Amino acid sequence: MNETAAPSAAIETECVVVGAGPSGLFAVFELGLLGIKCHVVDSLGHPGGQCAELYPDKPIYDIPALPVCGAQELVDRLMEQIRPFEAGFHLGQEVTGLRRRDDGRFELTTARGTRFDAGAVVIAAGLGSFQPRRLSVDGAEALEGSRLHYRVARAEQYYGKDLLIAGGGDSALDWVLAFAGRAKSVTLVHRRDEFRAQPASVARMKELAAAGQVRHLTGQVGALEVVDGDLAGAVVNCLDGSVARVACDHVFAFFGLHPKLGPIADWGLELERKALKVDTEKFQTSVPGIFAIGDINTYPGKKKLILSGFHEAALAAFGVQAHVYPNKRQFLQYTTTSPIMQQRLGLAGQGDAGG
Ligand code: FAD
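Residues numbered from 1 in each chain as written. Predicted model: local features only at pLDDT ≥ 70, side-chain atom pairs only at ≥ 80, totals over all residues. Heavy atoms only, no water.

Engineer: Explain the nonpolar core here, please?
Structural biologist: Generally speaking, soluble globular proteins have nonpolar side chains that are buried together. Membership of the largest hydrophobic core comes to 67 residues, with the highest contact counts inside it found for Phe89, Leu108, Ile123 and Val320. When residues no more than four places from it in sequence are discounted, the contact partners of Ile123 are Val18, Leu98, Ile264, Trp267, Leu269, Leu276, Ile290, Phe291, Ala292, Ile293 and Ile296. (Core = buried A, V, L, I, M, F, W, Y, C linked by side-chain atoms within 4.5 Å. Buried < 20%, exposed > 50% of the residue type's maximum accessible area, 1.4 Å probe, protein only. Contact = heavy atoms within 4.5 Å.)

Engineer: What should I look at first to understand the site of the ligand in this one?
Structural biologist: Near the ligand there are 31 residues, and of these Asp42, Gln50, Tyr55, Asp62 and Val95 occur at the shortest range. The separation between a nitrogen atom of the ligand and a polar main-chain atom of Ser129 is 3.3 Å. With respect to the ligand, the side chain of Asp295 contributes an N or O atom lying 2.9 Å from an oxygen atom. For the ligand, whose unbound accessible area comes to 1,000 Å², protein coverage reaches 86%. With respect to the pocket detection grid, the ligand is positioned in the second largest pocket. When residues of the shell around the ligand are traced back to their parent elements, those giving at least two are α1 (22-33), β3 (38-42), α2 (49-54) and β10 (129-132). Residues belonging to the shell around the ligand are distributed by class as follows: 15 nonpolar, 11 polar and five charged. (Near = heavy atom within 4 Å. Polar contact = N/O pair within 3.5 Å; in protein donor to acceptor, adjacent residues only side chain to side chain. Areas by Shrake-Rupley, 256 points an atom, 1.4 Å probe, with all protein chains shown as cover. 1 Å grid on protein atoms, 1.4 Å probe; cavity = no way out; pocket = protein on both sides within 12 Å on 5 of 7 lines; lining within 4 Å. Sits in = over half its atoms within 2 Å of the grid points. Helix = DSSP H or I, 4+ residues; strand = E, 2+ residues; numbered from the N terminus. Nonpolar A, V, L, I, M, F, W, Y, C, P; charged D, E, K, R; others polar.)

Engineer: What's the story with the packing of aromatic side chains in this structure? I'm lost.
Structural biologist: Working definition: an aromatic ring pair is given by the centre-to-centre distance plus the angle between the planes. Per the stated rule, a full pass over the model turns up 10 aromatic pairs. A ring pair is formed by Phe26 and Phe29, whose centres lie 5.5 Å apart and whose planes are at 20°; its orientation type is stacked. One end of the pair, Phe26, and the other, Phe29, are both in helix α1, three residues apart, so they sit about a helical turn from each other. Of the two residues, Phe26 and Phe29, neither departs from the other in class, the shared state being buried. Between the aromatic rings of Tyr158 and Phe179, the centroid separation amounts to 6.2 Å while the plane-to-plane angle is 85°, which identifies the pairing as edge-to-face. In this pair, Tyr158 sits in the loop between β11 (148-149) and β12 (162-166) while Phe179 sits in helix α5 (residues 170-179), placing the two residues 21 residues apart along the sequence. Phe179 sits in the buried class, given a relative accessible area of 1%. Aromatic rings pair up to connect Tyr158, Tyr159, Trp175, Phe179, Phe252 and Phe254 into one cluster. (Phe/Tyr/Trp six-rings, centres within 6.5 Å; stacked < 30°, edge-to-face > 60°.)

Engineer: Help me out: how do you make sense of the domain arrangement of the chain in this one?
Structural biologist: One frequent convention defines the size of an interface as the accessible area lost when the parts assemble. Here the chain is described as being made up of domain 1 (2-130 + 258-324) and domain 2 (134-255). Centre-to-centre, using C-alpha coordinates, domain 1 lies 35 Å away from domain 2. (Domains from an automatic or database assignment.)

Written as structure tokens, this is what we have:
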């Protein structure tokens, strides 16, 4: 994967794909077959959209020719399939701005400051970009970023501090284990006895708790104690009915992520019930040159299935080609027999590359 850091100048490209779920990844493939290079942006730190984020270990039974396929396996297979096309990946950054310039090209900006100058855009944003589920207690919002965090950036800054970590998934448990022995104290708060995290991590956390190196409370953060505008501690309502006070400098809440339509609603595209209206010939939105595929779009008869996203990706790719190269003659080629497609796929024994 060609993951890039945010450069200062705009990246000039034929196409930007917003969203690295199954639809966005397959769009890279279909665009690549037509000789169109693209950059992919996703707010998640990894590709795969809902498959990778919501149900990576579940089997999928309705992918053509794969009687059963794990959701993460599907993502891995798509990543392998698109490798020859060397798309640029920009992960962990939400596309916040999209505007059509007077010259007909598109300017996209991300929350991290990456900018693109694109001939066309494929929005494959699913149900929206994934956002952390927030801790909903009084005063939490005011402490966000300073004392209350939904991700860990530069872990060393929390060494020697009193930390409260809430959650029962891999992120919560991984950070409990990472901070144990480094922070002044680590308290894990999880609402029930069962954990979603890897059993080995849970076992290790319990060992540390038994050794007194980690405090483990079963319950929920009921309130944050704020003194002079700063966090002093948290009150935990325990499952057994008791109430515990935890002195802490920082609270980390790892309650998982949920998708939110977010900035897409502000891009001036026609929407119908939080989905982008498209035609069914090219899956183009109300703005020529901007296409929308997968769960984010709507049209009569739409079904939110991976299969639908794949079909839409193929037709949108032809739409992108026609938009970016209006004078180019379009014709259907088969990967089985097309030398140029085989060359683009990096296959050995390729034939004459005319086409
Ligand atoms: P998504 O997978 O939602 O990916 C969209 C991506 O876009 C996300 O990664 C998101 O972070 C990113 N994004 C959104 N907005 C922005 C932005 N502004 N900037 C940057 N990135 C952005 N379907 C089936 O066909 N078969 C099944 O068996 C099946 N089982 C399912 C089981 C579960 C539990 C769930 C939740 C869904 C299931 N689905 C199934 C549905 C399937 O997962 C979706 O149809 C599919 O993921 C849609 O793919 P997509 O690429 O369109 O969107």
